[in-house]
Each structure stands twice: as C-alpha cells, then as structure tokens.
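# Structural overview for review
Here is how the chains run, residue by residue.
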Amino acid sequence: MVVELFSSAFCGPCRSARAVLTEAVRLVPRARLTEVDVAEEPARGRAAGITSTPTVLVRTDDGTEVFRSTGTPSLAQALAALARATPPAEAGAGAGEVPWARRMTPAAVVFDLDGTLLDHPAATLAGLRGWVGSLGLECTAEVEAAWAAAEERHFRAWREGEIGFAEQRRRRLRDVLPLLGVPVGDDAALDAMFTGGFLRAYERAWAAYDDVGEALEAVRAAGLRTAVLTNGPREQQNAKIEAIGLTGRLGPVLTAEELGVAKPRPEAFLAACERLGVAPGRTLHVGDEHAVDVLGARAAGLRAVHLDRSGTGPAGEGARITTLLELAAHLAADPAPPA
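Now for a look at the structure at hand. (Residues numbered from 1 in each chain as written. Predicted model: local features only at pLDDT ≥ 70, side-chain atom pairs only at ≥ 80, totals over all residues. Heavy atoms only, no water.)

Counting its secondary structure elements, the protein contains 13 helices and 10 strands. With the principal axes as the frame, the protein shows a C-alpha extent of 80 × 45 × 35 Å. Here the protein, with 339 residues, has 50% of them falling under the buried criterion. Of the roughly 15300 Å² of accessible surface on the protein, 51% is carried by carbon and sulfur atoms. Side chains of the protein carry 36 positive and 44 negative charges; the gap between the two charge centres is 5 Å. (Helix = DSSP H or I, 4+ residues; strand = E, 2+ residues; numbered from the N terminus. Buried < 20%, exposed > 50% of the residue type's maximum accessible area, 1.4 Å probe, protein only. Areas by Shrake-Rupley, 256 points an atom, 1.4 Å probe, with all protein chains shown as cover. Lys, Arg positive; Asp, Glu negative; His and termini not counted. Charge placed at Lys NZ, Arg CZ, Asp CG, Glu CD.)

Next up, the structure:
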C-alpha cells in the first residue's frame, strides 16, 4: 500500500503531517511513504486533484484510493486508513483482521460491557420475568422470545441513529404488551412503565460474569492500559460498572452517548484509542457481538477477540474465546510468518 503526502516548502502543517505518517509507516512496515512537492511536480499535484497542502492520500496495492485528508491527520486516522488499504487477512486470522496488527504487542485492552463484563442476558431475562410477574401475568417462552427480538431490532435502530434512546424502549413495549394483553399507552405511560417496571427489575439483577476478576488481573499483570467502550447512556453504563464492583479497576468508561457515535462505527473505536493514547494497531478490543465488537474494531485498525460465550459465533473466526479466562493467550503479538 502507498501513502502519498503532497506538500510544499515552508509549510508547518506539512512537517507535522510528515511526522505522523512516518510513525504510521513505522508501525505498518508493508506501507510505503512517498512525498510530492507540488511546486516541483505540479503535474502530479494536478493529476491527483490537490488544491492545498498538506494533503494525504492512501492507496491500496492496485492503486485504489481509500483515504484522502487535507491538513494533518491524527495517527489514529492514518492507521485506520492503512487498515482499510490492507489486503484480506492471512489464513487463520479473523475476518477483517489486518495481518500487521496481529504482529504487534498490545499496549491496551478495551472491553465491551454488556455481555462481556456484565451478564446482560441473565439480567434481562430476570428483569423481564420480575416485571411481568409483578403485573400478575405469566412470562411465557413466547414473551421472552418477543422481548429479545424487540430489544435487538430497536436497539440496533437507535445505534444506527434512526430513533432516540427513549423511543427504542417504547418500541420494545409496543411489540410485547399486546402479547401480555396489556393496553399500549401514550409515550409518557410507556416511559413510566419501562423505568418503573422492567428497568427496575433489570437493575436488581446486574452481576458480573465469574471470569471477569481473573481476566482483569491478567491484563493488569501484563502492564496494559484498559478502557470500556459501550453502546448506551453514560449514567446507566457507569452505574453498571459500580454495581458489579469494577469502579477503579478499569480505565475510562466511554459511552456512545458521550462520544456521539456508537459501535460498530470506526470513530467510536478510534476515540477510545485516542483517549488511551495508544495506536489502534496496539489496542485489543474484546466483545461478544461479532459484527459490532469484532468487525467494527478491525475496520478501525484495532486487533479484536470475539468472546463467544454461547458458542454460536462464526465458525471461521480465528480469534475466538469462550471465556475471559482465555484472554491471556491474546495479550502478546503473534509471531511473524517465515520469510
């Protein structure tokens, strides 16, 4: 892959861009950096559509442009662009994983929260059964399946920016209340029912997985920085961290609400890397949702491990664990292949 820096003499931002790109290429040895002075080679500048300096282009091996930036890119942006320009992963690597990232020793581990550190499925089921029981009704298998489907569908719509957070909660109720024979009220009534009913019972059931403590100790012993990157509201997600006894045992808790962008968008992962001060290629993300936590992280240039607690994840995933007790094996760089 090729990184092209279009620069000009006596350009302070050009010097800054050169320093960033030099570091990016050092971290990604297969990338090649070239610099074009537009005053000395105006034809090349015109051919590339350059109107100001510095301008940075990243191309794949076949010449396809995957990134263009005017001004000085951050190191995170440069590494994410190189991840997009990298050919498909080598055999045995996870889907979407870039080979050079696997050969870098991690400096930080970013954890997902729900389904990774906190047993969200168990808490959700307990919360649903507790709330339905408080209504004097039976929580049937049909209701449980409908709630799970509604949560997945409407939370995804929120994550993709189609609806607000409160609205995804209301839509869950609108899907499930008819199955219970309970009238569907207006927005205010639905909000009160969700927070005073399901949410209260859900919060009482919050608990960490049994493997969390030992896994965090392994990460601490390896001298790695940590963070939590989670899709959800800031207040609730921080309350979860406190409720399951992890306050002070992890680095910053970054939520989609405060970042203004949710996983699997690359910007969310890159924000975590920038907060930690660690390049994406030296950051390992761990999460339970393959499409969101694993493919999303890799698209941003991070390493990623799929925590497949249920054993139902993609069969071809190379970086897969079924318990956080297996995470320690992924806290080192993979050896380089034979020359």
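More follows now that the structure is in view.
As a further point, take the pairing of strand E6 (residues 225-230). Among the six residues that make up E6, five are buried, leaving the element largely enclosed by the rest of the structure. Two elements, strand E5 (residues 108-111) and E6, share four bridges in a ladder whose sense is parallel. Of the residues in E6, the one forming a bridge with Val109 is Thr226. For E6 and strand E7 (residues 253-255), the ladder comprises three bridges, and the chain directions are parallel. Along E7, the bridge assignment pairs Val228 with Val253. (Pairing = 2+ DSSP bridges.)

With that settled, consider the sheet that holds strand E2 (residues 32-37). Pairing is mixed in the open sheet, where four strands are placed in the order E2-E1-E3-E4. Where the open sheet ends on each side, the last strands, each with one partner, are E2 and strand E4 (65-70). Strand-to-strand twist across the sheet, computed as the mean angle between neighbouring axes with direction ignored, equals 15°. Across five bridges, the pairing between strand E1 (residues 2-7) and strand E3 (residues 55-59) is antiparallel. Paired with Leu5 across the bridge in E3 is Val56. (Axes fitted to C-alpha atoms, helices over the stretch in contact; angles between N-to-C directions.)

As a further point, take the environment of Arg159. Relative to the assigned elements, Arg159 resides in helix H6 (residues 141-159). For Arg159, a relative accessible area of 16% puts it in the buried group. Separated by 171 residues in the primary sequence, Arg159 and His330 place their C-alpha atoms 29 Å from one another. With residues near it in sequence (within four places) discarded, Arg159 still touches Asn231, Ala262, Lys263, Pro264, Glu289 and Val292. (Contact = heavy atoms within 4.5 Å.)

On to the packing of helix H5 (residues 120-134) against helix H8 (residues 187-204). For the pair H5 and H8, interaxial distance at closest approach is 6 Å and the crossing angle is 130°. Comparing their axes, H8 and H5 come out oblique. Considering how the two elements wind past one another, H5 and H8 form a crossing that is right-handed. Of the residues in H8, those touching H5 at His120, Ala123, Thr124, Gly127, Leu128, Gly130 and Trp131 are Met193, Gly197, Phe198, Ala201 and Tyr202. In terms of residue class, the contact of H5 with H8 is built from seven nonpolar, five polar and no charged. (Parallel < 35°, antiparallel > 145°, perpendicular 65-115°, else oblique. Left-handed = near helix turned anticlockwise from the far one by under 90°. Nonpolar A, V, L, I, M, F, W, Y, C, P; charged D, E, K, R; others polar.)

In contact at an axis separation of 9 Å, helix H7 (residues 165-180) and H8 are set at 85° when each is read in the N-to-C sense. If you check the angle between H7 and H8, you find them roughly perpendicular. Contacts between H7 and H8 involve Ala166, Arg169, Arg170, Arg172, Leu173, Arg174 and Leu177 on the former and, on the latter, Asp187, Leu190, Asp191, Met193, Phe194, Thr195, Phe198 and Leu199.

Under the defined criterion, the tally for this structure stands at 22 salt bridges. Where Arg298 meets Glu317, a salt bridge forms, and the shortest distance between an N and an O atom there is 2.8 Å. A residue pair is termed long-range when its members are at least 10 positions apart, and Arg298 in helix H13 (residues 290-299) and Glu317 in the loop between strand E9 (303-307) and strand E10 (320-321) qualify at 19 residues. Note on Arg298: relative accessible area 1%, which makes it buried. With relative accessibility at 7%, the residue Glu317 sits in the buried group. When salt bridges with common partners are traced through the structure, they connect Glu167, Arg170, Arg171, Arg174, Asp187 and Asp191 into a single cluster. (Salt bridge = Lys/Arg side-chain N within 4 Å of Asp/Glu carboxyl O.)

This brings us to the nonpolar core. Residues Phe111, Leu117, Trp131 and Leu324 are the most contacted members of the largest nonpolar core, which totals 44 residues. For this core, the elements supplying multiple residues, two or more each, are E5, H5, H6, H7, H8, helix H9 (212-221), strand E8 (283-287) and E9. No other element matches the five residues that H8 contributes to this core. Once you skip the residues sitting within four places of it in the chain, Leu324 turns out to touch Phe111, Thr116, Leu117, Asp211, Val212, Ala215, Val286, Leu307 and Arg309. Core analysis: the next-biggest nonpolar cluster, separate from the first, contains 19 residues, Ala107, Leu229, Ala268 and Cys273 among them. (Core = buried A, V, L, I, M, F, W, Y, C linked by side-chain atoms within 4.5 Å.)

Our focus in this paragraph is H8. For H8, spanning 18 residues, the distance from its first C-alpha to its last is 24 Å, which sits close to the expected 26 Å at 1.5 Å a residue. A bend of about 35° at Phe194 is the largest found in H8. Elements in contact with the buried residues of H8: H5, H6, H7 and helix H10 (234-243). (Expected span 1.5 Å × (residues − 1). Bend = angle between axes of the 7 residues up to and from the residue.)

So yeah, pure geometry; function would need other evidence.
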